[in-house]
Structures are given as C-alpha cells and as structure tokens.
Amino acid sequence: MSTAVMNPSVSFTAPMPGLENVHDFTLRSVEGAAGLYALESGATPVRLFLADAAVFVPGYAPPIPAATLEALGLGQSEAPQLLVVLTHAPGSTTVNLMAPIVLNPATGRCTQLVLDGRNYPLRADLNSL
C-alpha cells in the first residue's frame, strides 16, 4: 500500500551524495504511474525518478535509526515513506536499496539513508523483486 505525499516541496536534512549544493526539491507524482515520482530541483537541472517502496518493493523494510526519525520529526510509532531511486537502462530498470530516501510525507523533510551494502544492493533488478 502506498502512502501519499502530502507536501510536494521536500527538503533534505543533509545533502544527497553527489548533490551537495542542492537541498530543496519538488516531488511530483508521475501521472498514470501510482507510486512513481519525479524529484526535481528548481535551482539546478536535476531530476531523479523515485519509487514508493511500498508499491514497487513490497516487504522492503530496512532498519531506520531513531535519530533519523527524530530529525524528520517522526515519532517511533509514525511510519515514514520510503522511496528508492530508479535507474532505467535499455533492457532493465534497477532500484537502489542501499540508499533509500526516508520521507516525512506530512512535512516534506527527508534524508537519504545509506545502509550496510552487504544486505541491500545498490542496483536491484526491479523485475526480480
């Protein structure tokens, strides 16, 4: 089941790796594709496609540190929305399970959490999940 994004403006608590100078984005739904989003920066020509893990990767439930939930303004009983970065290439679409974006859908505050690479692949074939 997908959780809807309530606030299309998102702000990262820390810069995403490789995008150190970009903090504020817009997260817009991709029409006709439930759970698919475009993360876009108005300041620079950056667009990433994100998938709601609840829709595209059922059962994906990486551990989220309490400090991360607190930084996002979420209590232990409040569930964040987990988004994974999609990469499309001819013949395959992969998702990054090693570095999900953890989002407080009510406030738009988010962070990219980098997990231990032994348990979560950087490029998991979407069709095999």
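Residues numbered from 1 in each chain as written. Predicted model: local features only at pLDDT ≥ 70, side-chain atom pairs only at ≥ 80, totals over all residues. Heavy atoms only, no water.

In terms of helices and strands, the chain carries 2 helices and 9 strands. Each helix and strand of the chain, placed in order from N terminus to C terminus, yields the pattern β-β-β-β-α-α-β-β-β-β-β. The C-alpha radius of gyration computed for the chain amounts to 14 Å, which stays within 12% of the reference 14 Å derived for 129 residues, consistent with globular compactness. Its C-alpha atoms give the chain principal-axis dimensions of roughly 40 × 30 × 30 Å. (Helix = DSSP H or I, 4+ residues; strand = E, 2+ residues; numbered from the N terminus. Rg over C-alpha atoms; globule rule 2.2 N^0.38 Å.)

As enumerated under the stated definition, the model contains 3 salt bridges in all. Measuring nitrogen to oxygen at the nearest pair gives 3.2 Å for the salt bridge that ties Glu40 to Arg28. Placement of the pair is Glu40 in strand β3 (residues 36–40) and Arg28 in strand β2 (residues 24–29), with a sequence separation of 12 residues. Judged by its relative accessible area of 17%, Glu40 is buried. Taking the shortest distance from any N to any O, the salt bridge between Arg118 and Asp116 comes out at 2.4 Å. Judged by relative accessible area, Asp116 falls into the partly exposed class, the value being 36%. The structure contains a network of salt bridges with shared partners spanning Arg28, Glu40 and Arg47. (Salt bridge = Lys/Arg side-chain N within 4 Å of Asp/Glu carboxyl O. Buried < 20%, exposed > 50% of the residue type's maximum accessible area, 1.4 Å probe, protein only.)

Across 3 bridges, strand β1 (residues 9–12) lies against β2 in antiparallel orientation. Bridge assignment links Ser11 to a residue of β2, and that residue is Asp24. Both β2 and β3 contribute to a ladder of 4 bridges, which runs antiparallel. Bridge pairing in β3 places Leu27 opposite Leu39. (Pairing = 2+ DSSP bridges.)

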